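A look at the structure
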Amino acid sequence: MIPRHFQIAIMMLLLAIFISGVFIIQWRHREQSFTQQEASVVPVSPAPGGSQEKIQLLVAYDDDQALRWREAEVFMPVDRGLRAREAMRALLAQYVQRPSPHPMARGADIRNVYFLGADTLVIDTTAPFADGHPSGILLEEMTLASLIETISANVEGINKVKFLVEGKERETLAGHADLMCFYQTATVHELAQEFQ
Amino acid sequence: MRWTSRRFKALALTISTACVFAGGLKTGAYPQAPAASPSQQVAAPSASPADAAQNPAEKQKRMQTEFVVLIDASHGGDDRGVVFAPRIFEKDITLALARDLRRELEDRGIPVRLLRESDSNISLDRRAEIANEQRVGIYVALHAGFPGRGVRVYSPMASASIANKDANKDRFVPWESAQSASLERSKALAKTVSRELKKKNFDVSSLRAPLRPLNSILEPAIAVELSPEKGEIRSLESARRQNGVASAIASAIAQMRGQPGARP
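These numbers come from a predicted model, not from an experiment. (Residues numbered from 1 in each chain as written. Chains lettered and ligands numbered in written order. Predicted model: local features only at pLDDT ≥ 70, side-chain atom pairs only at ≥ 80, totals over all residues.)

1. Concerning the overall build of chain A
- In terms of helices and strands, chain A carries 5 helices and 6 strands.
- Counting helices and strands in the order they occur from the N terminus, chain A gives α-β-β-α-β-β-α-α-β-β-α.
- For 196 residues, the compact-globule formula gives about 16 Å, and the C-alpha radius of gyration of chain A, at 23 Å, lies well above that figure.
- Seen along its three principal axes, the alpha-carbon backbone of chain A occupies a region of about 85 × 35 × 30 Å.
- When each of the 196 residues of chain A is scored for burial, the buried share is 34%.
- Looking at chain A alone, contacts between residues at least 24 apart form 63% of all its contacts between residues at least 6 apart. (Helix = DSSP H or I, 4+ residues; strand = E, 2+ residues; numbered from the N terminus. Rg over C-alpha atoms; globule rule 2.2 N^0.38 Å. Buried ≥ 20, exposed ≤ 12 C-beta atoms within 10 Å, placed from the backbone. Contact = placed C-beta atoms within 7 Å.)

Pasting the structure below:
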């Protein structure tokens, strides 16, 4: 006859093994889905025209609460919209890497850019850009200022910028910074100077 | 759809203003507040416990002339704001700071209302609507966040629509640029708050920010953000620190109240 307390102990052990198993299976599924997401990013051929260029990126540094200019060598197409996209992608690449001066979620990227007229750029971002962005006035402000200033430095003639997330308007980036408005690049330039 | 909704709100705001003018009330550029309690989320004016005894006309007259500070404890409900630690949320820190600030203002005899008294969800647009409906004299949004240390004071940053002066030539004020007429006073308020915080030895930075819903508020509006001392999240919950910040903001508001251009 097995003592009762021994039976309970075995039951508890089996339960713990079962829970651990479920957890491990879920964890593996999650990792697989991440891997698949990354694998699904198919490299696209560069747009016709363009060359390898040294461009200016205004990088946010959270620890210093500062924005600093850095150089990067990037393939820059001739088309203005594509230039803006590539410049922003080069900047976001610095943010999503680890360690990062201004950490952002994996998958934060630019889906597309559109021109409204000649001087207004609409930037369509991926969901992780906003969903995974750390919340906080300063952090959100630094993200927007660094992106807009990077565009202004590398693409001429853009006076207004508007952000979308997965093709839709969103009220704020992560609870604070306004994504409904059109940003004037001149105003953002003044703001960015306060951080330098 | 959202743009349409916003335009409609701006239009509704303006129409309500036009209706007030048509009715012959001396309300200036402010929309008419509803006769009943404008919002269930807005606390009754703390400086007027005898409201219930006043007749509606007196109450309306008082509302038109009273300088009221609206304190917005940001976030709330499902919106926790910044999560500093598993049980330390921005929404709770802002509410505690808001209560401190209310007490400090009351001590100085300044009428004050809290936009939320409890852990409730209020949308950003609704916050601006309440501020505009209540015709508050000053709107102060309270936040807490990373990175850095000390206190940051933000004034609204002009968006494209705010910067376009032609957009505000008539009474049809776009929702996103309702703040345009008060932008300079908001900056002055932010400057005064920063100065008072420095007097109390806080590490202060004064910035502009594209922060919702500041641009949709008619009257001077600022945001104050409390940051944790380096590596000390618990410093956000320090009653002494919160009292110091609240006291500095209240002193600044008391100064601004007496300046030319301020509402009575």
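Let's pick the thread back up.
2. Regarding helix H4 (residues 137–154) of chain A
- Under the 1.5 Å per step criterion, the end-to-end length of H4(A) is 26 Å for 18 residues, consistent within 8% with the ideal 26 Å.
- With respect to burial, H4(A) is a largely interior element, 17 of its 18 residues being buried. (Expected span 1.5 Å × (residues − 1).)

3. Considerations on helix H5 (residues 185–194) of chain A
- The set of residues buried in H5(A) consists of A:Thr185, A:Val188, A:Leu191 and A:Ala192. Angularly, the buried residues of H5(A) cover 115° about the axis, an arc narrow enough to put them on a single face. For H5(A), the exposed residues lying more than 90 degrees away from the buried face are A:Glu190 and A:Gln193.
- Lining the buried residues of H5(A) we find strand S1 (51–61), strand S2 (66–76), H4, strand S5 (160–165) and strand S6 (183–184) of chain A together with strand S7 (204–209) of chain B. (Arc of directions from axis to C-beta.)

4. Considering the packing of helix H2 (residues 80–96) of chain A against H4(A)
Residue and element names in this part refer to chain A.
- Where H2 meets H4, the axes come as close as 9 Å, and the angle between the chain directions of the two elements is 135°. In terms of orientation, H2 lies oblique with respect to H4. Note that H2 runs across H4; the crossing there is right-handed. In this structure, H2 contributes Arg 83, Ala 84, Ala 87, Met 88 and Leu 91 to the contact, and H4 contributes Ser 146, Leu 147, Thr 150, Ile 151 and Asn 154.
- Each residue belonging to the contact of H2 with H4 can be placed in one class, and the counts come to 6 nonpolar, 3 polar and 1 charged. (Axes fitted to C-alpha atoms, helices over the stretch in contact; angles between N-to-C directions. Parallel < 35°, antiparallel > 145°, perpendicular 65-115°, else oblique. Left-handed = near helix turned anticlockwise from the far one by under 90°. Nonpolar A, V, L, I, M, F, W, Y, C, P; charged D, E, K, R; others polar.)

5. Considering the sheet that holds strand S6 (residues 151–156) of chain B
Residue and element names in this part refer to chain B.
- Spatially, the 6 strands line up as an open sheet ordered S4-S1-S5-S8-S6-S7, and their pairing is mixed. Of all the strands in the sheet, the pair left with one neighbour each is strand S4 (112–114) and S7. The mean angle between the axes of side-by-side strands here comes to 25°, regardless of whether they run parallel or antiparallel.
- Looking at chain direction, S6 and S7 are connected through 6 bridges and run parallel. Across the sheet, Ser 155 pairs through a bridge with Arg 208, a residue of S7. (Pairing = 2+ DSSP bridges.)

6. Examining unusual backbone geometry
- Going from A:Arg98 to A:Pro99, the amide bond is cis rather than trans, its omega being -5°.
- Residue placement: A:Pro99 occurs in the loop between H2 and strand S3 (110–116).
- At B:Arg135, a position not held by glycine, the phi torsion is positive, near 50°.
- If you trace the backbone, B:Arg135 turns up in the loop between helix H4 (124–133) and strand S5 (138–144).
- Residue classification places B:Arg135 among the buried positions, given that 24 C-beta atoms sit within 10 Å.

7. Digging into the packing of helix H3 (residues 90–107) of chain B against helix H7 (residues 239–257) of chain B
Residues and elements named next belong to chain B.
- For the pair H3 and H7, interaxial distance at closest approach is 8 Å and the crossing angle is 45°. Comparing the axis directions of H3 and H7 gives the class oblique. The way H3 lies across H7 gives a crossing that is right-handed. Two secondary-structure elements touch here, H3 through Ala 96, Leu 97, Asp 100, Leu 101, Glu 104 and Leu 105 and H7 through Gln 242, Asn 243, Val 245, Ala 246, Ser 247, Ile 249, Ala 250 and Ile 253.
- Of the residues assigned to the contact of H3 with H7, the class counts are 9 nonpolar, 3 polar and 2 charged.

By themselves, these observations are geometric and do not establish any function.
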